[in-house]
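# Fold and contact review
Residues per chain are reported as follows:
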Amino acid sequence: MADRRYDPKQIEPKWQAVWADEHTWEVSNEAIGHPGADPRAKSYVLEMLPYPSGEPHIGHLKNYALGDAIAHFQRRLGRRVLHPMGYDAFGLPAENHAISTGVHPRRSTDESIAAFQQAFRSWGISIDWSRELATHEPSYYRWTQWIFVRLFERGLAYRKEAAVNWCPHDATVLANEQVIDGHCERCGAAVEVRQLEQWFFRITDYADRLLDDLDTIEWPAHVKAMQRNWIGRSHGAEVTFRCEELGIDYPVFTTRPDTLFGATFFVMAPEHPDVFRLAQGTAREQEVHEYVNHALAESPELRGAAEKPKTGVPLGRTVTNPLTREQIPMFVSDYVLMEYGTGAIMAVPAHDQRDYEFATAFDLPIRAVIAPAGDADHDADHPPADQAFVAHTENERLINSGEFTGLNAVAGQQAIVDWLDREGLGHASVHFRLRDWLVSRQRYWGCPIPIVYCERCGMVPVPEADLPVELPDVRDYQPRGRSPLAAAERWVNVKCPSCRGDARRETDTMDTFVDSSWYFIRYCDARNYAAAWDRPVVDAWMPVDQYIGGVEHAILHLMYARFFVKAFADLGLVGFQEPFRALFTQGMILGPDGQKMSKSRGNVISPTPIVERLSADAARCYVLFIGPPDQDAAWSETSLEGVHKFLARLWRLGDQLAASEGRESADQPPDPAGDDLAVVRKANWAIEKVTGDLLGRFAFNTAIAAVMELVNEIYRHPGAGADARRFATATAASLIFPFAPHLGAEVYELVTGRRVWEEPWPDADADMLHADTFELVCQVNGKVRDRVSAPTGAAREQLEQLALATRGVQAHVDGHEIARVIVVPDKLVNVVVR
RNA sequence: GCCCGGGUAGACAAAUCGGCAAAGUCGGCGCUCUUAAAAAGCGCUGCUCGAACGAGCAUUGCGGGUUCGAGUCCCGCCCCGGGUACCA
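## A word on the overall build of chain A
Broken down by element type, chain A carries 27 helices and 33 strands. Oriented by its inertia axes, the alpha-carbon framework of chain A measures out at about 105 × 90 × 55 Å. Here chain A holds 834 residues, and the buried ones make up 54% of them. Relative to all contacts within chain A whose residues are 6 or more apart in sequence, the contacts with residues 24 or more apart total 72%. Looking at chain A as shown, the accessible area adds up to about 35800 Å², and 49% of this sits on carbon and sulfur atoms. Of the side chains in chain A, 85 bear a positive and 117 a negative charge, and the two mean positions are spaced by 3 Å.

See below:
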């Protein structure tokens with residue numbers, strides 16, 4: 001007996017084999033549609049699917065340890081838990097690897113997937129493997145293509161020529177969301193603007209719903225804020241300015257139509273299609289050409305710098321301010337963006353910082369039309385440039401605004417918009433920052449777009465029976481401004497599905513975010529070979545009850561997935577509006593130096609050696625114990641050892657009890673006293689604490705600390721009887737199981753002979769949570785002066801008497817007058833003296 | 001600039017509803033077991049006085065306020081991290 005030791009090398013594979021052989025974590029769809037077949041409520045627990053590249057890193061371990069703890073907890077609360085796994089298998093890293101080595105991306109991807117599967121099994125994550133999927137398999141992307149066709153038929157997938165972001169390094173276009181500070185999100189190369197015809201998804205149709213429905217889901221406030229920011233809804237008006245000389249109307253969008261009287265000039269973006277036409281034949285023509293060419297050549301990054309001085313050129317034309325009938329000069333300037341609003345603005349220099357800077361540089365009139373709140377004798381001739389725009393409230397009022405003078409800003413806005421509407425010169429309007437989602441990519445390793453171009457029939461979607469359009473093998477993965485697929489002539493040339501004439505396939509592939517925008521639905525019905533999914537099955541499992549992932553997906557993935565679900569709902573494919581009812585965003589694990597882990601810094605910690613040296617349980621517990629799970633935390637090797645020691649301590653308790661008599665019961669012993677009582681109380685306290693920490697709070701760090709306290713308490717009471725020790729040890733094993741499933745299962749079996757995952761989550765015995773007496777804190781003027789034992793539930797008067805009688809209170813009350821006494825039952829007494 | 005996080009012992013952290021600040025882990029010190037070491041177990045670990053029991057004092061980035069009582073609420077700042085920005 002003496003040399004028995006905690007041996008994870010033996011314990012962990014043993015339990016993993018049991019769970020694999022018995023398919024313990026699989027849930028079937030059979031109960032769906034058969035009332036009463038399985039009365040348990042469902043719970044869909046999902047971590048964001050990994051991109052399989054090399055081996056999983058420490059961030060994956062945290063993500064899946066977190067989700068697994070929630071899944072185990074939910075199961076033991078009696079829920080039917082769906083907890084699947086898959087791989088986001090298309091993507092650029094595998095393709096870039098193929099370019100440099102010639103290895104087919106499918107091969108390297110499948111190798112990575114095998115490494116991930118192996119890791120997840122060795123970590124003991126409770127996955128329903130029967131639903132496993134990978135987005136690069138034809139059995140999956142067949143349905144990605146099917147979805148594309150549904151969106152195409154609905155007009156939600158369309159082609160248009162537009163100024164798009166082009167990454168010269170990856171030789172592909174990028175979605176707006178994939179451009180970070182003018183650089184490619186993936187490779188960091190400076191993004192260029194190109195005019196190209198591309199595929200888009202009409203996500204802007206859903207802008208209002210994507211914004212409004214944020215109120216219906218339990219997501220972290222900062223993630224919602226980021227989405228709101230990205231959608232960027234602005235309420236205002238569209239106002240028409242007419243160029244009389246050429247007879248053309250130019251609508252502009254403004255959030256402040258109440259300042260229309262202050263619009264003293266008009267500015268167009270360099271990209272505006274009418275710029276050259278307007279300048280033609282004027283004295284400024286040459287100058288305009290030079291300015292525009294220079295502006296277009298400038299990198300988006302440089303151009304976007306806010307501190308840049310304002311530049312521009314007059315167009316030599318004027319437009320009419322619809323309200324004042326004044327002729328105001330037109331300019332072209334790069335501070336106006338073509339992609340927002342109409343690509344032209346009315347400039348109100350008195351009330352807009354940017355317009356003010358421009359007006360100052362070009363010596364243009366500045367006319368104040370809004371007086372700030374409480375500013376009775378506002379100097380209209382010398383207005384502050386940025387003050388009046390601070391707010392838009394009923395306290396500001398219009399000045400210098402003809403018949404509208406005197407109205408407050410809110411009423412003035414309404415009155416001016418109404419007037420414009422009557423005159424046919426404008427109307428109330430809402431604008432969004434959100435752009436349509438550009439989904440075509442000129443790359444190889446992605447899902448082919450299932451469209452055929454026929455000279456006679458035009459764009460024809462590939463019929464469902466011909467799906468999937470399989471990705472052909474190619475010899476050369478090098479991107480050359482068009483997809484490598486374009487070189488696969490035999491694949492490109494097809495017969496038109498409609499007229500059987502000669503036709504060509506679309507050679508672009510889809511953005512990989514398309515693949516991951518619906519995988520959570522496929523999990524529900526993963527082995528359905530006849531359809532993407534059956535609606536009743538999906539409606540039964542969805543939405544995901546708890547989604548877990550990194551905050552880096554706050555905009556891209558989470559916005560696209562929400563859009564897809566809303567589009568599916570409109571197509572009658574699903575009966576819900578939001579994919580993820582609750583979201584938890586985990587913090588990053590930083591290197592031991594507190595810096596973000598990266599190969600170049602050399603501070604990368606890999607989970608594999610830790611699992612091999614200590615155990616999967618230690619690695620899992622540590623990443624949860626390291627700190628609040630939603631915050632970043634630096635890796636610490638010594639703290640990891642501490643967690644391992646704790647697990648070994650718990651195992652030894654179980655091992656000692658395995659040799660003892662009376663193994664058949666691990667129930668709470670009746671009427672415990674002395675050491676027994678202390679240990680039994682602590683066990684109940686731990687049940688209460690861990691349960692509270694897990695229910696919605698995700699305070700895994702304090703939950704594990706509570707089990708540590710329980711184990712410490714058992715060690716500190718060696719005099720406790722076997723029954724009490726057995727109960728307390730079984731409770732510790734039961735509570736640690738969601739975090740350290742192998743050890744939890746092993747110790748629980750040692751002590752009780754039973755399987756912990758088949759046991760319900762323990763309930764605390766309310767009688768054991770409160771002692772008969774408590775330590776009454778006795779304060780004088782808020783400072784602790786003594787403590788005394790008092791009966792739980794004692795009357796206020798009794799507590800006051802007890803406190804006043806203590807030596808510490810006496811010493812500080814003596815010689816003073818007692819002003820009042822505050823009593824907090826079962827806690828403290830505060831004597832206030834003068 | 002704006003919007004979020006965060007700032008508590010030597011380190012990481014806890015304090016969930018305004019009620020004993022510092023649970024837990026690491027590190028440090030001491031002890032037990034041992035020929036010894038490791039492992040394991042126990043205790044101490046803000047400051048001052050004290051051998052000890054104990055006593056006193058201080059303390060949650062800084063400055064103010066509300067309150068019998070503030071890490072927690074309010075006002076004004078400082079520092080660190082993240083997101084975002086000529087968005088009309």
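## Quick look at the protein's contact with RNA strand B
Near RNA strand B you find 52 residues, and of these Thr255, Arg649, Lys689, Glu709 and Arg787 are the closest. Atoms of RNA strand B within 4 Å of the protein belong to the sugar or the phosphate in 59% of instances, the rest to bases. Between RNA strand B and the protein, one listed contact pairs a phosphate oxygen with a side-chain N or O atom of Ser234 at 2.8 Å. Between RNA strand B and Asn712, the relevant distance is 3.3 Å, taken from a phosphate oxygen to a side-chain nitrogen or oxygen of the residue. Broken down by element, the residue count for the surface near RNA strand B peaks at eight residues, all from helix α22 (residues 700-716).

## What to know about the pattern of salt bridges
The final tally for this structure, using the stated rule, is 47 salt bridges. Ionic pairing is found between Glu506 and Arg159, a salt bridge with its closest N-O pair at 3.1 Å. Of the two residues, Glu506 is situated in the loop between β24 (502-505) and β25 (509-510) and Arg159 in strand β5 (residues 157-167); the sequence distance between them amounts to 347 residues. A residue is classified by how much of its surface remains accessible, and Arg159, at 23% relative accessible area, is partly exposed.

## Observations regarding the nonpolar core
In this structure, Ile58, Phe120, Trp635, Leu647, Phe700, Phe739 and Trp757 are the most contacted members of the largest nonpolar core, which totals 96 residues. Look past the residues within four positions of Phe120 in its chain and what remains in contact with it is Pro50, Tyr64, Met85, Tyr87, Ile125, Ile127 and Trp129. In this structure, Leu46, Val460, Phe513 and Cys524 belong to the second largest nonpolar core, which totals 95 residues.

## Points about the state of the cysteines
Summed over the entire model, instances satisfying the criterion amount to zero disulfides. Here Cys447 stays unpaired: no disulfide links it, and the sulfur of Cys524, its closest cysteine neighbor, is 20 Å away. On the accessibility criterion, Cys447 (0% relative accessible area) is buried.

## Details of the packing of helix α21 (residues 674-694) against helix α23 (residues 722-736)
Helices that pack against each other are described as a pair by the angle of their axes relative to one another and the distance between those axes. Contact pair α21 / α23: the axes reach a minimum separation of 9 Å and the direction vectors enclose 15 degrees. The orientation of α21 with respect to α23, classified from their angle, is roughly parallel. Of the two possible hands of crossing, α21 and α23 adopt the one that is left-handed. Taken together, the residues of α23 that come into contact with α21 (itself represented by Asp676, Val679, Val680, Ala683, Asn684, Ala686, Ile687 and Val690) are Ala724, Phe727, Ala728, Thr731 and Leu735. Across the contact of α21 with α23, the residue classes break down as 10 nonpolar, two polar and one charged.

## Some thoughts on unusual backbone geometry
Omega for the peptide link from Leu467 to Pro468 comes to 0 degrees, which places this bond in the cis form. Position of Pro468 relative to the elements: it lies in the loop between β22 (458-461) and α13 (489-492). Backbone torsion omega between Met542 and Pro543 reads 0 degrees, so that peptide bond is classified as cis. Structurally, Pro543 can be placed in the loop between α16 (535-541) and β26 (546-550).

## Section: helix α1 (residues 8-21)
Here α1 spans 19 Å end to end across 14 residues, near enough to the 20 Å set by a 1.5 Å rise per residue. Buried residues of α1: Pro8, Ile11, Glu12, Trp15, Gln16, Val18 and Trp19, and no others. Buried positions in α1, seen along its axis, are confined to an arc of 160 degrees and lie on one side of it. Contacts made by the buried residues of α1 are with α4 (105-123), α19 (616-625), α20 (637-658) and α24 (741-752). One or two steps after α1, the chain reaches His23, where phi turns positive at roughly 50 degrees.

## A look at the packing of α19 against α20
Across the interface, α19 lies against α20 with an axial gap of 9 Å and an inter-helix angle of 120 degrees. With respect to each other, α19 and α20 are oriented oblique. Judged by the twist between their axes, the crossing of α19 over α20 is right-handed. Where α19 approaches α20, its residues Asp617, Ala618, Ala619, Cys621, Tyr622 and Phe625 are matched on the opposing element by Ser639, Leu640, Val643, His644 and Leu647. Split by residue class, the contact of α19 with α20 holds eight nonpolar, two polar and one charged.

## Observations regarding the side chain of Thr172
Note that Thr172 resides in strand β6 (residues 172-174). Among the residues examined, Thr172 registers a relative accessible area of 2% and is labelled buried. At 3.0 Å, the side chain of Thr172 forms a polar contact with the backbone nitrogen of Gln442. The residues touching Thr172, leaving out its near neighbours within four places in the chain, are Asn165, Trp166, Cys167, Arg441, Gln442 and Arg443.

## Some details on the packing of aromatic side chains
If you walk through the whole model with that rule in mind, you get 49 aromatic pairs. Between Phe241 and Phe266, the aromatic rings sit 5.4 Å apart at their centres with planes inclined by 50 degrees, giving tilted as the arrangement. Residue Phe241 is located in strand β10 (residues 234-243), and its partner Phe266 is located in strand β12 (residues 265-268); the two are separated by 25 residues in the primary sequence. Residues Tyr547 and Phe580 carry aromatic rings whose centres are separated by 3.9 Å and whose planes lie at 10 degrees to one another, so their mutual orientation is stacked. One end of the pair, Tyr547, is in strand β26; the other, Phe580, is in the loop between α17 (556-570) and β27 (583-586), and 33 residues separate them in sequence. For Tyr547, a relative accessible area of 0% gives the class buried. Lys310 extends its terminal NZ or CZ atom over the ring of Tyr335, reaching a point 5.5 Å from the ring centre.

## Some remarks on the sheet that holds β5
If you walk across this open sheet you meet the four strands as β6-β5-β9-β19, and the pairing is antiparallel. A strand with exactly one partner marks an edge of an open sheet, and here the two such strands are β6 and β19 (437-438). Where strand β9 (residues 192-201) and β19 come together, two bridges link them in antiparallel fashion. Pairing of Phe200 across the sheet is with Leu438, part of β19.

## Some details on the sheet that holds strand β2 (residues 80-82)
Paired through backbone hydrogen bonds, the strands of a sheet run either parallel or antiparallel to each other. Ordered by their spatial adjacency, four strands build an open sheet running β2-β1-β26-β27, and the pairing between neighbours is parallel. Of all the strands in the sheet, the pair left with one neighbour each is β2 and β27. Neighbour to neighbour, the strand axes of the sheet diverge by 20 degrees on average, direction disregarded. Looking at chain direction, β26 and β27 are connected through four bridges and run parallel. Counterpart to Gly550 in the pairing with β27 is Gln586.

What counts and how
- Residues numbered from 1 in each chain as written.
- Chains lettered and ligands numbered in written order.
- Predicted model: local features only at pLDDT ≥ 70, side-chain atom pairs only at ≥ 80, totals over all residues.
- Heavy atoms only, no water.
- Helix = DSSP H or I, 4+ residues; strand = E, 2+ residues; numbered from the N terminus.
- Buried < 20%, exposed > 50% of the residue type's maximum accessible area, 1.4 Å probe, protein only.
- Contact = heavy atoms within 4.5 Å.
- Areas by Shrake-Rupley, 256 points an atom, 1.4 Å probe, with all protein chains shown as cover.
- Lys, Arg positive; Asp, Glu negative; His and termini not counted.
- Charge placed at Lys NZ, Arg CZ, Asp CG, Glu CD.
- Near = heavy atom within 4 Å.
- Polar contact = N/O pair within 3.5 Å; in protein donor to acceptor, adjacent residues only side chain to side chain.
- Salt bridge = Lys/Arg side-chain N within 4 Å of Asp/Glu carboxyl O.
- Core = buried A, V, L, I, M, F, W, Y, C linked by side-chain atoms within 4.5 Å.
- Disulfide = S-S within 2.5 Å.
- Axes fitted to C-alpha atoms, helices over the stretch in contact; angles between N-to-C directions.
- Parallel < 35°, antiparallel > 145°, perpendicular 65-115°, else oblique.
- Left-handed = near helix turned anticlockwise from the far one by under 90°.
- Nonpolar A, V, L, I, M, F, W, Y, C, P; charged D, E, K, R; others polar.
- Expected span 1.5 Å × (residues − 1).
- Arc of directions from axis to C-beta.
- Phe/Tyr/Trp six-rings, centres within 6.5 Å; stacked < 30°, edge-to-face > 60°.
- Lys NZ or Arg CZ within 6 Å of the ring centre and 35° of its normal.
- Pairing = 2+ DSSP bridges.

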